Amino acid sequence: MDLDERQIAVSEMSDDELQGVLDEHGVGLTVGEVRRVADLIGRDPTLVELHIFNVEWSEHCSYKSSRGSLRLLPTDAPNVMLGPQEDAGIVFFTEHAGRRWGIVIAHESHNHPSQVLPNEGAATGIGGIVRDVDCMGARVFGTADPLRFGDPESEHAERTRWIVSGVVDGIWQYGNALGVPNLGGDVYFDETFDDNCLVNVVAVGIVAEDEIIHSAVPPQAHEEQYVLVLLGKPTDDSGFGGSAFASKILDEEEQAEDRGAVQVPDPFLKNVLAMRKANEAVRERARELGIVIGMKDIGGGGLACGTSEITAAGDGFGVDIDLEQVHIGLEGLLPETIMCAETQERYVLAVPERFADEVLRIYNEDWDLPNVYEGACARVIGRITEDEMYTVRFGGAIVTQAPVQVVTSGIEYDREEQAQEWTEQEPEFQRPADLGEALLRVLGNRNVCSREYIYRAYDSEVQGNAVLRPGEAGAGVARPLEGCDAAMALGVAGNPRYGRIDPYWGGATAVAEAMRNVAAAGAVPQALTDCLNFGNPEKPEQFWQFREGVRGVADAARNLWLKGHPDGTPTPVISGNVSLYNESATGSSVAPSAIIACVGVLDDYSTAVTVQFKRPGDAIYLLGERRHELGGSAYYDVLGLGLGASVPRVDWQAERARIHAVTDAIAEGLVAACTDVSDGGLAVALAEMCMGPFGRGDVGAAVDIHPALNGLRPDRALFSESGGFVVEVNDGRRERFEELMRGYGVEPIRLGETIDEPRLEIQARDEDLVALTTEAMAEEWLNALPRILHG
């Protein structure tokens, strides 16, 4: 069979001529990269090959600027069942009914699509992350959504509010239709996201160790013929160039034409494919027959990435694909579109040829995919070979033929970096006369106020696994295994204002806070994921920010050790994503944003605790000294003092001791309520414990912060965002609690007691600082976000 006549005569063209051809065909590779492709395959590439390498060598797929930095991250630990080499990572959860079970977690970004088409971009982000977990053989039981938006009170407010509305609608419309509960998330607003919002998505699932499906052609394909099955919606042109689009700088004037690079979602079909229905039927039948299969989500890079990566992940395989067998939804699609379009709701399976007919029957007849969505079906599109070549045929010609490892291995750049000098200083200012009024202003700050206005649209009850729901604690808690008391907690964190000042500590504090969030609910942190959202890696200062952010995440993971394992065992980073080029055409980039998710485990779900005070007469303790760390704080923001400079820093030994001690105390039943200290500081932590998630708490607090001042002015101690915990200790258990804390080297600072009226009273010795009713605090905290988003 002849090679496609649409070869690009790379060897005969000048750089300018070649650049013109690339521009004409929408290929984002550099001239140098195209010449490198020609060298690697030993001839001039076809146009289809250029499009395939365009997506495979994009930043989104190849990690060409970030790969070297990612090697800093610890990815292995005794509890890791699968590290970050496939679509999702897996960490040990529990043993139940004689089997070992793992939590499957994936973490991705859908930033560029959500800026252009917020509803569709966010919805397909949820869809893709659910598929990433499902294809590992897991039952998906939860999602989370860390979101970053522009300033909703600036000159760009109208556009920001439109994006917020679209993103939130996309998440709830898709997630609710899938029947997957939302377990949590967070939201920050900052002017650096005016032109580039960040939509990060996390999904978690549960799988038995002996039922894990790998995203690779199994080794059994050396012993019998395997084929590739494509299933799902018919391929169209939606999302064509999506991965390359995610690796470009956004230009507001080009956003209309960029909308074609955003995928179109269909949650009804996703529900059939993903939720242990059609897929689970195939997997169950394969287990009955003793057949090993491979399965991979088709997401970024479309069919090209899905088919090449599942093949390359095997050992010594190639594949021969016939595009005439691909079911399509539009007439006249070019082969490069069929290969690289990112049509949603699709998977590729590697199955034995003898099993293929039964697989097709399960999807097409038993689950009747063609009548669920017009044109949807499962079809055999290729055969696994042992020549290690990636061959694609269309219309009587070979349109692609290259070593599969060359196609998928990508390229790697050693980018130049230049340290950023932060010039802003710590502000000098007089303490506000009324700290109660200052607290109300902080509670109404866009980055502190209640997110109930957003998460009330999400279904957190579907599947019936919820233990702690959004708002009830810093982490969502779910009980995913029927008949098993073990529960999983999922928390997220990442303050962009810290990253603007110091990207290293921005990354490190994100890890620490995510771990504190799950610990405050009673769960022992087990694993991390990271989504690294940064600017243009070709600019030395922005690449330095990225490197520093990764270094901060890595150092935190290595120093905040796994509890129950030998000292020095890191908390592993088992999955994640890098999103670069979050920069507008004006040159402004997003705040350096390492967004972290943490998975924690409780042996008994009934020991989980919420943030809300429970009863009067209990002692209130602070764990974690207050330091002059107000850089990036909400306090500085509401006072109009800029960002400052003194961001929170993590004391590794003290932080891990507090996390381990708090989880022990909760497991032992010493703790009635707990929250971590972060945004808004100690004052906000106490206020939220009084209010509870809906502002209706009827137990208040009377505290004296003098023991916590640590030489600080009272307002600085109240609003410092140094990490820590506030704990309500059950009456009669104070002595044991203090003994336990000191056993870990943690000094418990007793602040006061809970009281039998809904109010917060704060003093420093004889000076009254704050006296507010819970109703007054809740009025500001609950209503601020609707007011901000609706003007």
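Residues numbered from 1 in each chain as written. Predicted model: local features only at pLDDT ≥ 70, side-chain atom pairs only at ≥ 80, totals over all residues. Heavy atoms only, no water.

1. With respect to the overall build of the chain
Stated formally: In DSSP terms, a helix is any run of H or I states spanning at least four residues, a strand is any run of E spanning at least two, and both are numbered starting from the N terminus. Using C-alpha atoms as the atom set, the radius of gyration is obtained and then compared with a globule rule of 2.2 Å times the number of residues to the power 0.38. Relative accessibility thresholds used throughout: buried, under 20% of the residue-type maximum; exposed, over 50%; partly exposed, between the two (1.4 Å probe, protein chains only). Between two residues, a contact is recorded if the distance between any of their heavy atoms is within 4.5 Å. Residues counted as positive are Lys and Arg, residues counted as negative are Asp and Glu, and His and the chain ends are not counted. Taken as the charge centre is NZ of Lys, CZ of Arg, CG of Asp or CD of Glu, depending on the residue.
In terms of regular secondary structure, the chain is built from 28 helices and 26 strands. Relative to the globule expectation of 28 Å for 791 residues, the C-alpha radius of gyration of the chain, 27 Å, shows essentially globular dimensions. Burial status across the chain gives 65% buried among its 791 residues. Restricting to contacts in the chain with at least 6 residues of sequence separation, those with at least 24 account for 84%. The chain carries 64 positive and 129 negative side-chain charges, and their two centres are separated by 5 Å.

2. Observations regarding the pattern of salt bridges
Defined as follows: Any Lys or Arg side-chain nitrogen located within 4 Å of an Asp or Glu carboxyl oxygen qualifies as a salt bridge.
Under the defined criterion, the tally for this structure stands at 51 salt bridges. For Arg43, the salt bridge goes to Glu49, with nearest N and O atoms at 2.6 Å. With its nearest N and O atoms 3.7 Å apart, the salt bridge here joins Glu655 to Arg658. One end of the pair, Glu655, and the other, Arg658, are both in helix 24 (residues 652–667), 3 residues apart, so they sit about a helical turn from each other.

3. Considering the sheet that holds strand 25 (residues 759–764)
Here is the rule: In this scheme, strands are said to pair when DSSP sees at least two bridges between them. Note on definitions: angles span 0 to 180 degrees between N-to-C directions of axes, and those axes are lines fitted to C-alpha atoms, for helices only across the stretch in contact.
Pairing is mixed across the open sheet formed by 7 strands, whose spatial order is 21-23-20-24-22-25-26. Every interior strand has two partners, whereas the edge strands, strand 21 (671–677) and strand 26 (767–773), have only one. Strand-to-strand twist in this sheet, taken as the mean axis angle between neighbours without regard to direction, amounts to 20°. Relative to strand 23 (residues 724–729), strand 20 (residues 619–623) runs antiparallel, the two being bridged by 5 bridges. Looking across to strand 23, one finds that Leu622 is bridged to Val726. This element, helix 21 (residues 503–520), spans strand 21 and strand 23 of the sheet and lies at about 170° to strand 21. The sheet contacts of helix 24 involve strand 20, strand 21 and strand 23, and relative to strand 23 the element is tilted by about 20°.

4. What to know about the packing of helix 21 against helix 22 (residues 540–559)
In plain terms, the rule: Helix crossings are classified by the rotation of the near helix relative to the far one: an anticlockwise turn of less than a right angle makes the crossing left-handed, while a clockwise turn makes it right-handed. Residue type decides the class: Asp, Glu, Lys and Arg count as charged, Ala, Val, Leu, Ile, Met, Phe, Trp, Tyr, Cys and Pro as nonpolar, and the leftover types, Gly among them, as polar.
The geometry of helix 21 relative to helix 22 is characterised by a closest axis approach of 7 Å and an angle of 35° between their N-to-C directions. The crossing of helix 21 and helix 22 is right-handed. On helix 22, the residues that touch Pro503, Tyr504, Gly507, Ala508 and Val511 of helix 21 are Trp544, Gln545, Glu548, Gly549, Arg551, Gly552, Val553, Asp555, Ala556 and Ala557. Within the contact of helix 21 with helix 22, the residues separate by chemical class into 8 nonpolar, 4 polar and 3 charged.

5. Re the nonpolar core
Let me state the cut-off plainly: What makes a nonpolar core is a set of buried Ala, Val, Leu, Ile, Met, Phe, Trp, Tyr and Cys residues whose side-chain atoms join them at distances within 4.5 Å.
One finds Val671, Phe725 and Phe737 to be the most contacted residues of the largest nonpolar core, which totals 68 residues. Residue contributions to this core peak at 11 residues, all from helix 21. In terms of nonpolar packing, the next biggest core, distinct from the first, is built from 63 residues, Ile129, Ala203, Ile293 and Tyr363 among them.

6. Looking at the confidence of the model for the chain
To keep things clear, this is the line we draw: Every residue gets a pLDDT, meaning the predictor's confidence in that residue, from 0 to 100.
The predicted model of the chain has a mean per-residue pLDDT of 93, with 95% of residues at 70 or higher. Within the model, pLDDT remains below 50 along residues 242–248, and this stretch shows 29 contacts once partners closer than five positions in the same chain are excluded. Note that residues 255–263 has pLDDT below 50 and, in this model, 31 contacts with residues that lie over four places away or in other chains.

7. Quick notes on the side chain of Arg500
Stated formally: In protein, a polar contact means a hydrogen-donor-capable atom and an acceptor-capable atom, both N or O and within 3.5 Å, with residues adjacent in sequence counting only if both atoms are side-chain atoms; elsewhere, any N or O pair within 3.5 Å suffices.
The topology assignment puts Arg500 in helix 20 (residues 496–501). There is a polar contact of 3.2 Å between the side chain of Arg500 and the side chain of Glu191. Not counting the four nearest positions on each side in its chain, Arg500 is found in contact with Asp190, Glu191, Thr192, Gln420, Trp422, Ala591, Pro592 and Leu643.

8. Comments concerning the sheet that holds strand 8 (residues 294–297)
Strand order in the open sheet formed by 7 strands is 8-10-7-11-9-12-13, and the pairing between neighbours is mixed. Strand pairing shows two members of the sheet lacking a second neighbour, strand 8 and strand 13 (397–403), which therefore form its edges. Taken pair by pair, the neighbouring strands of this sheet meet at an average axis angle of 20°, ignoring direction. Across 4 bridges, the pairing between strand 9 (residues 318–322) and strand 12 (residues 389–394) is parallel. Of the residues in strand 12, the one forming a bridge with Asp322 is Arg393.

9. Some details on the environment of Ala203
With respect to the helices and strands, the residue Ala203 is situated in strand 6 (residues 198–208). Put simply, Ala203 and Val130 are 73 residues apart on the chain and 5.9 Å apart in space, counted from C-alpha to C-alpha. Every residue in contact with Ala203, bar those within four places of it in the chain, is listed here: Val104, Ile105, Ala106, Ile129, Val130, Val133, Val140, Gly142 and Thr143.

10. Focus: a negative patch on the surface
The test is simple: Exposure above 30% relative accessible area and the absence of a salt bridge qualify a residue for a patch, where like charges join within 9 Å and nonpolar side chains (Val, Leu, Ile, Met, Phe, Trp, Tyr) within 5 Å. All accessible-area figures derive from a Shrake-Rupley calculation using a 1.4 Å probe, and residue coverage is judged against the displayed protein chains alone.
Side chains of Asp315, Glu386, Asp387 and Glu388 sit close together on the surface and give a patch of like negative charge. Relative to the elements of secondary structure, Asp315 occurs in the loop between helix 13 (302–312) and strand 9.

11. Side note on the packing of aromatic side chains
Selection rule: Any pair of Phe, Tyr and Trp rings, taking the six-membered ring for Trp, is counted once the centres come within 6.5 Å. Such a pair is stacked with planes under 30 degrees apart, edge-to-face with planes over 60 apart, and tilted for the rest. We call a charge positioned over a ring when the NZ of a Lys or the CZ of an Arg lies within 6 Å of the ring centre and within 35 degrees of the ring normal.
Enumeration according to the criterion identifies 10 aromatic pairs in this entry. Centroid distance Phe53 to Trp57: 5.3 Å. Interplanar angle 80°. Geometry classified as edge-to-face. Of the residues examined, Phe53 reaches a relative accessible area of 1% and is grouped as buried. The rings of Phe429, Tyr635, Tyr636 and Phe719 are connected pair by pair, giving a single aromatic cluster. If you follow Arg656 out to its NZ or CZ, it ends over the ring of Trp561, 3.5 Å from the centre. For Arg713, the ring lying beneath its charged end belongs to Phe429, and the centroid distance is 4.8 Å.

12. Here's the deal with the pairing of strand 10 (residues 346–352)
Across the 7 residues that make up strand 10, a large majority, 7, are buried. With 7 bridges joining them, strand 7 (residues 226–232) and strand 10 adopt antiparallel strand pairing. Paired with Val227 across the two strands is Val351, which belongs to strand 10. In this sheet, strand 10 lies alongside strand 8 in antiparallel orientation, the contact comprising 4 bridges. Counterpart to Asp297 in the pairing with strand 10 is Tyr347.

13. Considering the environment of Glu583
By the secondary structure assignment, Glu583 is in the loop between strand 18 (573–579) and strand 19 (593–602). Linking Glu583 and Asp195, residues 388 residues apart in sequence, is a C-alpha distance of 7.5 Å. In this structure the side chain of Glu583 is engaged in a polar contact, spanning 3.4 Å, whose partner is the side chain of Asn536.

14. So, helix 27 (residues 734–743)
Each α-helix turn comprises 3.6 residues. Residues three or four places apart therefore point the same way. Quick reminder of the rule: Note that the arc is computed from the directions linking the helix axis to the C-beta atoms.
Arg734, Phe737, Leu740 and Met741 are the residues of helix 27 that are buried. The arc enclosing the buried residues of helix 27, seen along the axis, measures out at 130°, which places them on a common side. For helix 27, exposure combined with an orientation more than 90 degrees from the buried face picks out Glu735, Glu739 and Gly743. In this structure, the buried residues of helix 27 make contact with strand 20, helix 24, strand 21, strand 23 and strand 24 (749–755). Just past helix 27, the residue Gly745 takes up positive phi, approximately 80°.

15. Things to note about unusual backbone geometry
It is generally the case that most residues other than glycine have a negative phi and that most peptide bonds are trans. Unlike most non-glycine residues, Gln463 shows phi in positive territory, near 80°. For Gln463, the location among the structural elements is in the loop between helix 19 (452–455) and strand 14 (466–468). Located in the positive-phi region is Asn710, a residue other than glycine, with phi close to 55°. Among the secondary structure elements, Asn710 is positioned in the loop between strand 22 (700–704) and helix 26 (714–719). Looking at Asn710, the relative accessible area reads 45%, which means it is partly exposed.

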